[in-house]
Amino acid sequence: MEAETKDGQEVQRHFTEITQTHPDISAGVAAIQTLLWFLETHKMETIAEIRARLAEAIKAMTQSDLSVPSIQSGCEQFVRFITLTNIQRADFEEIQKILIYRGTKFLQKHSNARERIAGKAHHFVTDGATILLHGYSRVVMRVLKEATAAQKHFRVYVTQSLPDGAGQRAYAELTALDIPTTVILDASVGYIMEKVDMVLVGAESVVENGGIINKIGTFSIAIQARAMNKPFYAVAETFKFARVYPLNQQDLPNEYKYRASTLRSGTDLQLEHPLVDYTPPSYITLLFSDIGILTPSAVSDELIKLYC
């Protein structure tokens, strides 16, 4: 237990350092980088020990107030990838080097995921379009930057996105790119929806049935988009594909809905505002990922490829 606590403290320090030094890196990629660092700097004797200590490292990172869904899904895929096949070597030090090599390849694959997504998704942003965003998503920002680089002209409405007001961050970045942008009240989505040509959102996690877990309010926007027959597009890296299958909002684990610090404080969760909600696949038109443009029903097939 003492060793596990020490590992956890080291992992938390390294993970925090990455996220603070490189704020543009998503929590999932920062977590993968931390696992790779842990594998490179800690000598272990068996595959079972590696699995156990990486599991403790993942648990330590989920105690932060960053996105638990993307941390868990990215780390699970990392561990699965590096230990996928049996390695026949007498020297375990050599085995560990092979696992580190695999981990490096996995990280390289996902480090430029946003660029690959933007290369596919920006074609759906037509010249003269009006787009509705919800909150702040690094991937969505990358898509719109790519569309601007392609000399497309469009305007954006972005929700204020309470409780953290993340829409202001999106507004600042978009106006810096000379993209006409207006911040709207969360309650005015229904009024604005008839003016927009498409809704574009990011995702904290993509679940097995092709639905998404994202910032609170996403589901409400999806319902209104469906009512007014507007396409609802989601963008997400494949390391956010998770083996969870919620059927409704109550199926989301508390660690997804509330900050870790809130859960540790013992606060009555009935008095807390959930940070995310679940949007079922039936409300999602297309999902743009680094492996291609998917219908929601195709997500389960991709998860089978990842884990089988």
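No experiment lies behind these values; they were computed from the predicted model shown.

Draft legend 1. Region of the structure containing the overall build of the chain. Helix and strand counts for the chain come out as 13 helices and ten strands. Its C-alpha radius of gyration of 20 Å places the chain within 12% of the 19 Å reference for a compact globule of 308 residues. Dimensions of the chain along its principal axes, counting C-alpha atoms only, are 65 × 45 × 35 Å. By residue count, 51% of the 308 residues in the chain fall in the buried class. A separation threshold of at least 6 residues defines the contact pool for the chain, and within that pool the share at least 24 residues apart is 75%. With the model as given, the accessible surface of the chain reaches about 14400 Å², and the carbon-plus-sulfur share is 52%. Treating the 31 positive side-chain charges of the chain as one cloud and the 35 negative ones as another, the clouds have centres 4 Å apart.

Draft legend 2. Main features of the sheet that holds strand β10 (residues 292-294). If you walk across this open sheet you meet the seven strands as β3-β2-β1-β4-β7-β9-β10, and the pairing is mixed. The strands lining the two open edges of the sheet, one partner per strand, are β3 (181-184) and β10. In this sheet, adjacent strand axes meet at a mean angle of 25 degrees when their direction is disregarded. Together, β7 (232-235), β9 (286-289) and β10 form the strand contacts of helix α6 (residues 113-121), whose direction differs from that of β9 by roughly 135 degrees.

Draft legend 3. Quick peek at the packing of helix α3 (residues 47-61) against helix α4 (residues 68-82). One can describe the packing of α3 onto α4 by two numbers: an axis separation of 10 Å at closest approach and a directional angle of 165 degrees. Comparing their axes, α4 and α3 come out roughly antiparallel. Handedness of the crossing formed by α3 with α4: right-handed. Of the residues in α4, those in contact with R51, L54, I58 and M61 of α3 are I71, C75, V79 and I82. Residues that form the contact of α3 with α4 fall into these classes: seven nonpolar, no polar and one charged.

Draft legend 4. Local environment of the pattern of salt bridges. Here the structure, examined in full by the defined rule, presents ten salt bridges. In this structure, the salt-bridge partner of R53 is D7, at a minimum N-O distance of 3.0 Å. Taken together, the positions of R53 in helix α3 and D7 in helix α1 (residues 2-21) put the pair 46 residues apart, joining distant regions of the chain. With relative accessibility at 8%, the residue D7 sits in the buried group. When the shortest N-O distance is used, the salt bridge between D164 and K215 registers 2.7 Å.

Draft legend 5. Inspection of helix α8 (residues 167-176) at higher detail. Within α8 the residues assigned to the buried category are G167, A170 and L174. Buried residues in α8, looked at end-on, bunch into an arc of 60 degrees, giving them a common side. Against β1 (130-133), α7 (138-149), β2 (155-159) and β3 lie the buried residues of α8. After α8 finishes, the residue D178 shows a positive phi value of roughly 65 degrees.

Draft legend 6. Structural view of the nonpolar core. L35, M61 and F78 are the most contacted members of the largest nonpolar core, which has 31 residues in total. Mapped onto this core, the elements with two or more residues apiece are α1, α2 (27-41), α3, α4 and α5 (92-111). For this core, the element with the highest residue contribution is α2, accounting for nine residues. Apart from residues lying up to four places away in sequence, F78 is in contact with I32, L35, L36, G103 and F106. One finds I117, A121, V156 and A166 within the second-largest nonpolar core, a separate group that totals 27 residues.

Draft legend 7. Fine view of the side chain of D277. By the secondary structure assignment, D277 is in strand β8 (residues 276-279). It turns out D277 is buried and unbridged, and the closest side chain with the opposite charge, K215, is 9.9 Å from it. Polar side-chain contacts of D277 include one of 3.3 Å to the backbone nitrogen of F219. Look past the residues within four positions of D277 in its chain and what remains in contact with it is I212, I213, N214, K215, I216, G217, T218, F219, Q249 and L252.

Draft legend 8. Examining the packing of aromatic side chains more closely. By the definition in use, this model includes seven aromatic pairs. Taking 5.7 Å as the distance between ring centres and 70 degrees as the angle between the ring planes, the aromatic pair formed by F124 and Y233 counts as edge-to-face. Note that F124 is positioned in the loop between α6 and β1 and Y233 in strand β7, a separation of 109 residues in sequence. Put simply, the rings of F78, F81 and F106 touch in pairs and so form one group of aromatic residues. When the ring centre of Y136 is taken as reference, the NZ or CZ atom of R169 above it lies at 3.9 Å. Above the ring of Y283, the side-chain terminus of R226 is found at 5.2 Å from the ring centroid.

Rules used throughout
- Residues numbered from 1 in each chain as written.
- Predicted model: local features only at pLDDT ≥ 70, side-chain atom pairs only at ≥ 80, totals over all residues.
- Heavy atoms only, no water.
- Helix = DSSP H or I, 4+ residues; strand = E, 2+ residues; numbered from the N terminus.
- Rg over C-alpha atoms; globule rule 2.2 N^0.38 Å.
- Buried < 20%, exposed > 50% of the residue type's maximum accessible area, 1.4 Å probe, protein only.
- Contact = heavy atoms within 4.5 Å.
- Areas by Shrake-Rupley, 256 points an atom, 1.4 Å probe, with all protein chains shown as cover.
- Lys, Arg positive; Asp, Glu negative; His and termini not counted.
- Charge placed at Lys NZ, Arg CZ, Asp CG, Glu CD.
- Pairing = 2+ DSSP bridges.
- Axes fitted to C-alpha atoms, helices over the stretch in contact; angles between N-to-C directions.
- Parallel < 35°, antiparallel > 145°, perpendicular 65-115°, else oblique.
- Left-handed = near helix turned anticlockwise from the far one by under 90°.
- Nonpolar A, V, L, I, M, F, W, Y, C, P; charged D, E, K, R; others polar.
- Salt bridge = Lys/Arg side-chain N within 4 Å of Asp/Glu carboxyl O.
- Arc of directions from axis to C-beta.
- Core = buried A, V, L, I, M, F, W, Y, C linked by side-chain atoms within 4.5 Å.
- Polar contact = N/O pair within 3.5 Å; in protein donor to acceptor, adjacent residues only side chain to side chain.
- Phe/Tyr/Trp six-rings, centres within 6.5 Å; stacked < 30°, edge-to-face > 60°.
- Lys NZ or Arg CZ within 6 Å of the ring centre and 35° of its normal.

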